[in-house]
Amino acid sequence: MKKNLKILFTGGKGFIGREIIPLFRKDGYEVVDPSSKELNLLDSDAVKKFIENDNFDIIIHAAMCSGTGRYGKPDGLDVLYKNMRMFENVFRYVNEVDKFVNFDSGASLFNKSQIPESAYGFSKYCIARSVDKEVNGINVRLYGCFGSSEDPNRFLAINIKNYINKKPIKIFKNRQMDFMYVKDIYKNTLYAIENNIKDINCVYEEKKYLTDIADIVNHLDNHSVDVIVENEGFDSPYSTTSKLIDVEYIGLEQGIKECYENYLR
């Protein structure tokens, strides 16, 4: 695929967007990433005017309301409504672009037998199904993603900083967890776009438990800290398999090291 193509990136001010939009631009793509103030995705007329007044080759949809369900509380139905409305306002232009890329989540359980019960997961499920049915639709599925500009309260960010400050690494409950470095997520996304891959899981081949990842963090320098697992047993795995593709990844350990070095600056 030739470069100099124009991308509309929704939700570009979030973590994924902040990290990968500069990489797209570096590789020669033109990216338009309006803020919520510049484009209200809930407003059908505003989206219509924005898209029809420009010529986009690719739409990458990353705008989502995450709700609270992933933090132990049930999502409200407003999460489902907002996520579906934002998506549908953009998705109606799927046939006017070469590619429509959706950042999906393992929470959608897409291509599995279950249908998610949470409002967030169900919205992701419905969106992934719609995108999958389109010839030019691409689902890039994330499980655990990390990078140096992620939310400071997320697992790797908080525990790398705990390690730096010589505080214990904390795990709520051990589980198998697929984390992928955000720069490798970019590589997967670019590969899917340029090779017409309809569905790609952003996971590494080697599987790790949270305690394994904590051990990587605990060997970033010459000191070590306590690793505290707050609850016994194992939580349900949040991981999957992925087809091998011709991509040279940075990898989990090097990605953690790069985050560590950035936090030290």
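Residues numbered from 1 in each chain as written. Predicted model: local features only at pLDDT ≥ 70, side-chain atom pairs only at ≥ 80, totals over all residues. Heavy atoms only, no water.

Draft legend 1. Here's a closer look at helix H7 (residues 210-217). Inspection of H7 places Leu210, Ile213, Ala214, Ile216 and Val217 among the buried residues, and these make up the whole buried set. Axial view of H7: buried residues confined to an arc of 155°, hence all on one face. Each element contacted by the buried residues of H7 is listed here: helix H5 (155-164), strand E7 (169-174), strand E8 (179-181), strand E10 (227-234) and helix H8 (252-264). (Buried < 20%, exposed > 50% of the residue type's maximum accessible area, 1.4 Å probe, protein only. Helix = DSSP H or I, 4+ residues; strand = E, 2+ residues; numbered from the N terminus. Arc of directions from axis to C-beta. Contact = heavy atoms within 4.5 Å.)

Draft legend 2. Region of interest: the packing of aromatic side chains. The tally for this structure, following the rule as stated, stands at 15 aromatic pairs. Consider the rings of Phe146 and Phe179, whose centres lie 6.4 Å apart with planes at 80°: the pair is edge-to-face. Residue Phe146 is located in strand E6 (residues 144-146), and its partner Phe179 is located in strand E8; the two are separated by 33 residues in the primary sequence. By relative accessible area, Phe146 is classed as buried at 0%. With 5.6 Å between their ring centres and 80° between their planes, Tyr204 and Tyr249 make a pair best called edge-to-face. Taken together, the residues span a long stretch of sequence, with Tyr204 in the loop between strand E9 (199-202) and H7 and Tyr249 in the loop between E10 and H8 at a distance of 45 residues. For Tyr204, a relative accessible area of 11% corresponds to the buried category. (Phe/Tyr/Trp six-rings, centres within 6.5 Å; stacked < 30°, edge-to-face > 60°.)

Draft legend 3. Quick look at the nonpolar core. With 54 residues, the main nonpolar core has Phe24 and Ile256 as its most contacted residues. Considering each element in turn, this core owes the most residues, 6 residues, to helix H6 (residues 182-194). Sequence-distant contacts of Ile256, defined by excluding residues within four places in its chain, comprise Phe146, Leu156, Ile160, Ile213, Ile216, Val217 and Leu220. By size, the runner-up hydrophobic cluster in this structure holds 22 residues, among which are Leu39, Ala63, Phe100 and Val131. (Core = buried A, V, L, I, M, F, W, Y, C linked by side-chain atoms within 4.5 Å.)

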